[in-house]
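Residue-level structure breakdown
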Amino acid sequence: MDADVSDSPGTPAEPDRPDHPAGGGPADGSQDASEAAPQDGAADEAPRASAAADGRPEPGPGASDGGPGPEPDASDNRPEPGPDASDGAGSGTWGARPQLGPQGRGRHWLRWTALAAAFLVLVAAGAGWWLYKKLDGNITTDTSAAAELKAYERDRPLPIARNAQNILLIGSDTRSGENSAYGRDDGGSQRSDTTILLHLAADRGSATAVSIPRDLMAEIPSCHTADGKATNKQFAQFNSAFELGGTACTIRTVEKMTGIRVDHHMVIDFNGFKDMVDAVDGVEVCLQAPVDDPDAHLKLPAGRQKLDGEEALGYVRARKSIGDGSDTERMDRQQKFLGALVNKMQSNGVLLNPTRLYPVLDAATKSLTTDPDLDSLRDLYDLVRGMRNVPTEKVQFLTVPRKAYYANPNRDELVQPDADRLFAQLRKDRPVAVVPAETVNSGDSQADHSSGKDPSGREPGATDGSPTPDPTYSGSNAADDPCGA
C-alpha cells in the first residue's frame, strides 16, 4: 500500500478523499467500496469473524480505507501502531519526530569522552615509545671488549655470590672532539682517568664503590690493541691498561688484581658527567679555601655552594689547585662528590619521578658505552631500580689500601694483607665498614687510607667471645654532609 504522507513536510493527506490513493479507493476514480455499505451488517461481521479466527484484533471502522482502528486488545501485548506503522515511514511532520532525551544526551557525551580518552592514550603511548627508543638509541655497545673477554674466558675468575653484581665504572680521559677544551689532544687517545669498582650486594641493601688509583702499580696481562696486535705482560701504572688495550684490558687487570669477576662495565666521558650534574640542577659541595685553577676552568669562593655541570667537572678533575695536590686527595674529593650526587638524586625523588629522571637518563646515555648485557634502557632501568632503595648511608666510597711505591714515591702500591681482605669481602658479598679517615685507629703506613681494624682498634678475627667485626676502611658515604656539619 502507498504511504499516507507526502514526501515533504506538511499537512498529511486526507484519508477520506476518494480520489487520493491514501483514501483506500481506486486511483482511477472508481466507486469506493465504503459507499456500498451492507444493509444488514453481514459484510461488517465477516471481517470480525475472520479476525477472531486467527487471533487478530477486530478491525475498526475505517480500517479498510486507512482510517483509525480500535484500541489494541490487552492480550495482544503489541504497542499501539502509529499513523505510519503500515510502511515504517516517519511521522507526518518534522515537528512530530522524537527528540533526544537527557539519557540519550548522556550516552552521547560518554561516547565522545571515551573517544577523546582513547586518543590521548594513543598519543601518550606514542610519545612514550619515542622517548624510550631515543634513550635506548643513545647507548653505545662495546662489542670489541665483549669479544676480547670471551677469548680469555678461561683466565677470568668465576662469580661466587649469586645475584651480587660488580660493575666497573671507567671515566674516559680522551682529549679529542668536544673534550678537547679540557686539555691537549693526543690524537684521540684515551686514559682511564677515574676507575671505580662498584659492588652491589645481592640483597641490594648496600653499594660499595672502590676507587683504583690511576698511578697504582699493577700486573697488566697481555692484551690486544685496537689494531689487533698483542701487547706484552708487564708491571706498570694501572691506567696504562686502558691506553694499551681499552676496556677489556682494564677489566682483566682489575680481575687479576682483585680476584673479583666483573659482570658489567660502563665508560662515561667528560660531557656525560657534566650533563648529568646539570640535569639534577647542580650538586652542593664545601670548599675549605677559594679555588682559582685556569687549567680546570674553575674559580670558586670558599664555603658551601652548589656547582653546575661545568664547575663540577673542573672540581673533580682539579689536582694541583685544591688540597695537597695529590691524586689521593683528588680521589677522595671525587668520592664525596659522587656521594653528594647520589644523595641529590634520592632526596629529590629523581629516581621515582619519570619527568625528572628522563633528563638524567638522556644525559647519561648520550655519553655511555656499555657491554652488550647492559646496553638497553630496560637493563639500565632494572639496575637503577635495584639501587633506589639502598639507604644513602649504605652507599659507601673508599679507595683500595695503598701506599707510596718503594721504587717511585709518585706511584702507589697495594698494602697487604688489607687489600686482599677487602677484595675477599667483596668477592664473597660480605659487609665492609667505611668510616672517616680521622676515626680510623691506625699507626702504620696505611694511615688516612685504610685499616684492617675496626674503630675500636681490635684486630679483625680476634676471638674474645664477640662476633668478628667487619673490616673497616677510611672513606665516606652518600649521607655525609659536604661541610661536615
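What comes next is a walk through the structure. (Residues numbered from 1 in each chain as written. Predicted model: local features only at pLDDT ≥ 70, side-chain atom pairs only at ≥ 80, totals over all residues. Heavy atoms only, no water.)

Notes on helix α6 (residues 309-317)
In an α-helix, one turn spans 3.6 residues; hence positions three or four apart end up facing the same way. Condition: Think of it in three bands: residues with accessible area under 20% of the maximum for their type are buried, residues over 50% are exposed, and the middle band is partly exposed, with areas taken using a 1.4 Å probe on protein chains only. Counting from the N terminus, the helices are the DSSP runs of H or I reaching at least four residues and the strands are the DSSP runs of E reaching at least two. Pairing of N or O atoms within 3.5 Å defines a polar contact, subject to two protein rules: one partner must be a possible hydrogen donor and the other a possible acceptor, and residues neighboring in sequence count only if both atoms are side-chain atoms.
Summarising burial for α6: seven of the nine residues are buried, a large majority. For α6, the side-chain oxygen to backbone nitrogen distance between the N-cap and E310 is 3.3 Å, and the N-cap itself is D308.

Things to note about the state of the cysteines
Selection rule: The disulfide definition used here is simple: a pair of cysteine sulfur atoms within 2.5 Å.
Summed over all chains, the structure comprises one disulfide. What pairs with C223 in a disulfide is C249, and their sulfur atoms sit 2.1 Å apart. One quick way to see it: the torsion about the S-S bond of C223 and C249 is about 75°, and its sign makes the bridge right-handed. Linking C223 in the loop between β5 (217-220) and β6 (234-237) with C249 in helix α4 (residues 240-258), this pair joins segments that are 26 residues apart in sequence. Pair check on accessibility: C223 and C249 agree, each one buried.

Description of the pairing of strand β15 (residues 408-414)
Rule in force here: We treat two strands as partners when DSSP finds at least two bridges between them.
Summarising the sheet, strand β14 (residues 402-405) and β15 pair through four bridges and their orientation is antiparallel. From the neighbouring strand, K403 faces β15, where its bridge partner is E413. Counting the residues between successive antiparallel strands, the hairpin from β14 to β15 contains two residues.

With respect to unusual backbone geometry
A cis geometry characterises the amide bond from Q416 onward to P417, with omega recorded as 5°. Of note, P417 is situated in the loop between β15 and α10 (418-427). You will see that N163, though not glycine, has its phi angle at about 75°, which is positive. Take N163: it is sitting in the loop between α3 (143-151) and β2 (165-172). Of the residues examined, N163 reaches a relative accessible area of 54% and is grouped as exposed. Of note, the phi angle at R204 is positive, near 55°, even though the residue is not glycine. Within the secondary structure, R204 sits in the loop between β3 (192-200) and β4 (207-211). Exposure remark for R204: the relative accessible area of 22% places this residue in the partly exposed category.

Some points on the nonpolar core
Filter applied, for reference: Only buried residues count toward a nonpolar core, which is a set of Ala, Val, Leu, Ile, Met, Phe, Trp, Tyr and Cys residues joined through side-chain atoms within 4.5 Å.
Counting residues in each nonpolar core, the largest one holds 32 residues, and the members touching the most others are F273, V283, L298, L307, Y315, F337 and M345. Looking at this core, the elements that each hand over two or more residues are α5 (270-279), β8 (283-287), β10 (298-300), α6, α7 (327-347) and α8 (354-366). When residues of this core are assigned to their parent elements, the largest contribution, five residues, is made by α8.

Here we look at the environment of N163
The criterion, for reference: The contact criterion used throughout is that any non-hydrogen atoms of two residues lie within 4.5 Å.
Taking the C-alpha atoms as reference, N163 lies 9.2 Å from R204; in sequence the two are 41 residues apart. The residues contacting N163, other than those within four sequence positions of it, are A202 and R204.

Points about helix α9 (residues 377-387)
We count it as follows: Think of the arc as the fan of directions from the helix axis to the C-beta atoms.
The set of residues buried in α9 consists of L377, L380 and L383. Buried residues of α9, viewed axially, fall in a sector of 125°; they line one side.

Quick notes on the packing of aromatic side chains
Convention followed: In summary, the pairing rule links any two rings of Phe, Tyr or Trp, Trp by its six-membered ring, whose centres are within 6.5 Å, and it sorts them by plane angle into stacked for under 30 degrees, edge-to-face for over 60 and tilted for everything else.
As enumerated under the stated definition, the model contains four aromatic pairs in all. A ring pair is formed by F273 and F337, whose centres lie 5.6 Å apart and whose planes are at 50°; its orientation type is tilted. Of this pair, F273 sits in helix α5 while F337 sits in helix α7, and the two are 64 residues apart along the sequence. For the residue pair F273 and F337, the accessibility class agrees, reading buried in each case.

A look at the pattern of salt bridges
Defined as follows: The working definition used for a salt bridge is a side-chain nitrogen of Lys or Arg within 4 Å of a carboxyl oxygen of Asp or Glu.
With the rule as written, the count across this model stands at 10 salt bridges. Note that R304 and E284 form a salt bridge whose closest N and O atoms lie 2.8 Å from each other. With R304 in strand β11 (residues 303-307) and E284 in strand β8, the pair connects residues that are 20 residues apart, well separated along the chain. Judged by relative accessible area, R304 falls into the partly exposed class, the value being 40%. In this structure, E329 engages R333 in a salt bridge whose closest nitrogen and oxygen atoms are separated by 2.7 Å. Of this pair, E329 and R333 are both found in helix α7, four residues apart, which corresponds to roughly one turn of the helix. Here E329 falls in the partly exposed class, since its relative accessible area comes to 21%. Taken together, the shared-partner salt bridges in this structure form one network comprising E153, R156, E255 and R261.

Considering the side chain of T392
Of note, T392 is situated in the loop between α9 and β13 (395-399). Setting aside anything within four residues of it in sequence, one finds T392 in contact with N343, Q346, N477, A478 and A479.

Read these as spatial facts, not as claims about activity.
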